[in-house]
Amino acid sequence: MVHALGARAKLALLALFMLAQVFAPLAYAPLFLAATLALYSLARMDFLEVVKSRKALLLLPLIPSLVRLLFEKGSVEIAGALLPAGLVNGSLNFVFLLSLVYTPLLFALTTAPSQISGALRSCGMPKRWALIFSIAFVSVSYIQKKAERTLAAQRARGCRRSVPALMLPVLHSCFRRARTMAYSMAARGFDADEA
Amino acid sequence: MAKKEVLRLESVSFSYAGKKEKAVGGTSLAFYEGEFAGIIGPVGSGKTTLLYCCNGLVPKEIRGTFSGSVQLLGKDASRMGFPEISRAASMVFQDPNDQIFNLTVEEEVAFGLLNRGVRREDALAAAGRAVARVGLAEKLHEDPSELSSGQKQKVAIACALAADSRIILLDEPVSSLDWRSSQEVYAMLGALAREGRTVIATEQDTSLLARHATRIIVVEGGKVVKDGGLEVLSSGLIGRLGLRPPMAEKGKNGRTVRP
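These figures come from a predicted structure and were not determined experimentally. (Residues numbered from 1 in each chain as written. Chains lettered and ligands numbered in written order. Predicted model: local features only at pLDDT ≥ 70, side-chain atom pairs only at ≥ 80, totals over all residues.)

A.B. asks: Just checking my understanding: could you explain the overall build of chain B for this structure?
C.D. replies: Scanning chain B for helices and strands turns up 9 helices and 12 strands. If you line up chain B on its principal axes, its C-alpha atoms span 50 × 50 × 40 Å. For chain B, the proportion of its 259 residues judged to be buried stands at 47%. In chain B, 66% of the contacts between residues at least 6 apart in sequence involve partners at least 24 apart. (Helix = DSSP H or I, 4+ residues; strand = E, 2+ residues; numbered from the N terminus. Buried ≥ 20, exposed ≤ 12 C-beta atoms within 10 Å, placed from the backbone. Contact = placed C-beta atoms within 7 Å.)

In structure tokens form, the structure reads like this:
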């Protein structure tokens, strides 16, 4: 069902869903995560498998939630019990951000880039920007795979985990891919200036 | 009857931005319909840049110092936009991972046709035919990023086939394929040349060219140092440039022959 839905409808629903998430009180975050899980189920995709295959994305909800967990002072009363505010709000924050990150990912995983760019263009976005956004959506998995391969190659050579040692080859590879992709798109008749 | 000229490079020179040495130095070449030209040379000799000059990527997309002229189907390539160029010449890049970005094989192959304004239904139908021709019909609706390197390269070749252009440029098209698939791809390219298309491929495997190409162009230091028939492959030049000569094959009469 999710796969069959038109890209424009999906984009509109996604925008509404995310707006509702952002403006709703944090206490409703589990409801939104339940809705995200239901959407994955409707799309016949295993949410846990998607999370496992894109572990790096987990850092997005994890880091701010940990900050809240560790540094938020005070307490919150839930069902008559006083609980540390950091624990409650940090957990809710994690659930909120998990849904906020993985719902757009579902959109990217179930919509062809040409359809994404078509939907963005129908919302008034220039063709060039629409294509940039749609390719960015689908490049997430490429970057993830590249990072995993680089990490494995570095470990095989006895290198310890290091962010610069990982980021530099991954970034270099991304820039090289972007350049060749631009050549390939031009060779297939895509005119960036015209767009 | 003389064959029709489809591509002409006239005194083409190019240096990449920020570099003094010429990647292509004063090259003049003409290619004709039905020709299967193999471009060989050591790594870094300017083979790929020469291909980029053929379809206008140099200097339109790749910046640097360019001089000379390129005529595609009788038209000045510098005055043609990419949609028009892609109708005349399609290109297969060396690493398919860098050019595939769509979610299905079908969408990937149809991308070029959609850029030309072909109706979506017609573009998808043409994509289906091209994918079937490279033997991946059952993968039509699959995610191309999940395919093997060889299958991805076949998808890239299908993109060029779907474009239905008169000239097909290929940059080491079988570098990620096994021997059997390489033979299949080259046999298909040979068939396309016999249909009247012009195939121009850079290649390290001289055995494949010996079997399928009709013309050999040797490039060294950005310059064409030899341009001739298959006899070029058995000349001393091949060894001098560090290239491997074609492997000897059993001829029909059972004798070992070199092409």
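A.B. asks: Help me understand the domain arrangement of chain A, please; the structure alone is not making it clear to me.
C.D. replies: Where the parts come together, the accessible area they lose is often given as the size of the interface. If you check the domain split of chain A, you get domain 1 (7–111) and domain 2 (127–187). Inter-centroid distance (C-alpha atoms) of domain 1 of chain A to domain 2 of chain A is 26 Å. (Domains from an automatic or database assignment.)

A.B. asks: Quick question: what am I supposed to make of helix 2 (residues 29–42) of chain A here?
C.D. replies: Because an α-helix completes one turn every 3.6 residues, residues spaced three or four positions apart along the sequence face the same direction. Residue and element names in this part refer to chain A. Between its first and last C-alpha, helix 2 extends 20 Å over 14 residues, near the 20 Å set by a 1.5 Å rise per residue. Those residues of helix 2 that sit buried are Ala29, Phe32, Leu33, Thr36, Leu39 and Tyr40. The buried residues of helix 2 occupy one face: seen down the axis, they fall within an arc of 115°. Looking at helix 2, the residues exposed on the side facing more than 90 degrees away from the buried face are Ala34, Ala38 and Ser41. (Expected span 1.5 Å × (residues − 1). Arc of directions from axis to C-beta.)

A.B. asks: Looking at this structure, how should I read the packing of helix 7 (residues 127–156) of chain A against helix 8 (residues 163–187) of chain A?
C.D. replies: If you want to describe how two helices pack, look at the angle between their axes and the distance between the axes. All names here are of chain A. As a packed pair, helix 7 and helix 8 sit with axes 9 Å apart at the nearest point and diverge in direction by 135°. In terms of their interaxial angle, helix 7 and helix 8 are classed as oblique. Seen from above, helix 7 lies across helix 8 with right-handed handedness. For the pair helix 7 and helix 8, contact is made by Ile143, Lys146, Ala147, Thr150, Leu151 and Gln154 and by Ala165, Leu166, Pro169, Val170, Ser173 and Cys174, respectively. The class makeup of the residues in the contact of helix 7 with helix 8 is 8 nonpolar, 3 polar and 1 charged. (Axes fitted to C-alpha atoms, helices over the stretch in contact; angles between N-to-C directions. Parallel < 35°, antiparallel > 145°, perpendicular 65-115°, else oblique. Left-handed = near helix turned anticlockwise from the far one by under 90°. Nonpolar A, V, L, I, M, F, W, Y, C, P; charged D, E, K, R; others polar.)

A.B. asks: Hey, could you run me through the interface of chain A and chain B in this one?
C.D. replies: Contacts between the two partners involve 20 residues from chain A, matched on the other side by 25 residues from chain B. Going through the elements one at a time, helix 6 (113–122), helix 7 and helix 8 of chain A are the ones with two or more residues in the side of chain A that touches chain B. Sort the elements by how many residues they give to the side of chain A that touches chain B and helix 8 of chain A lands first, with 8 residues.

A.B. asks: Before we go on, may I ask you to explain the sheet that holds strand 5 (residues 75–76) of chain B in this structure?
C.D. replies: Through backbone hydrogen bonds, the strands of a sheet pair up, either in parallel or in antiparallel fashion. Residues and elements named next belong to chain B. As summarised here, the arrangement of the 4 strands in space is 2-1-4-5, forming an open sheet in which the pairing is antiparallel. The open sheet is flanked by strand 2 (24–32) and strand 5, the only strands paired with a single partner. Two strands pair when backbone bridges link them, and strand 1 (residues 5–16) and strand 4 (residues 64–72) are joined in this way by 8 bridges, in the antiparallel orientation. In the strand pairing of strand 4, Tyr16 is matched with Gly64. Each of strand 1, strand 2 and strand 4 is contacted by helix 1 (residues 47–54), which is oriented at about 125° to strand 1, the strand it contacts most. (Pairing = 2+ DSSP bridges.)

A.B. asks: Looking at this model, I keep getting lost on the sheet that holds strand 6 (residues 89–92) of chain B. Mind explaining?
C.D. replies: All names here are of chain B. In spatial order, the strands read 6-7-8-3-9-10; together these 6 strands make up an open sheet with mixed pairing. This sheet does not close on itself; its edge strands, each paired only once, are strand 6 and strand 10 (223–228). On average, each strand axis in the sheet is inclined to that of its neighbour by 15°, with strand direction left out of account. Pairing geometry for strand 3 (residues 36–40) and strand 8 (residues 198–202), over 4 bridges, is parallel. Note that in strand 8 the partner of Ile39 across the bridge is Thr202.

A.B. asks: Would you mind going over the confidence of the model for chain B with me for this structure?
C.D. replies: Low-pLDDT portions of the prediction should not be read for the details of their coordinates. Of the residues in chain B, 95% reach a pLDDT of 70 or more, and the chain-wide mean stands at 89. The complex model carries a pTM of 0.75, and its ipTM stands at 0.80. (pLDDT = per-residue confidence, 0-100.)

A.B. asks: Would you mind going over the pairing of strand 1 (residues 75–78) of chain A with me for this structure?
C.D. replies: Regular strands show a simple pattern: their side chains alternate between the two faces of the sheet. All names here are of chain A. Examined bridge by bridge, strand 1 and strand 2 (residues 81–84) share 4 bridges and lie antiparallel to one another. Note on strand 2: the bridge partner recorded for Glu77 is Leu82. If you look at the hairpin formed by strand 1 and strand 2, you'll find 2 residues sitting between the two strands, and Ala79 has a positive phi there, around 50°.

A.B. asks: Any chance you could explain the packing of helix 4 (residues 105–115) of chain B against helix 5 (residues 120–133) of chain B here in plain terms?
C.D. replies: All names here are of chain B. Interaxial distance between helix 4 and helix 5 falls to 8 Å at its minimum, and their mutual angle equals 120°. It follows from the interaxial angle that helix 4 and helix 5 lie oblique. Seen along the crossing, helix 4 lies across helix 5 with a hand that is right-handed. Packed against helix 4, whose contacting residues are Val105, Glu106, Val109, Ala110, Leu113 and Leu114, the element helix 5 presents Arg120, Ala123, Leu124, Ala126, Ala127, Gly128, Ala130 and Val131 at the interface. Split by residue class, the contact of helix 4 with helix 5 holds 11 nonpolar, 1 polar and 2 charged.

A.B. asks: Where do I start with the pairing of strand 9 (residues 215–220) of chain B in this structure?
C.D. replies: Residues and elements named next belong to chain B. Where strand 3 meets strand 9, 4 bridges bridge the pair, whose relative direction is parallel. Opposite Gly38, over in strand 9, you have Ile216 as the bridge partner. Inspection of the sheet shows strand 9 paired to strand 10 by 5 bridges, in the antiparallel sense. Considered in strand 10, the bridge of Val219 is made with Val224. Hairpin connection of strand 9 to strand 10: 2 residues between the antiparallel strands, including Gly221 at a positive phi of 55°.

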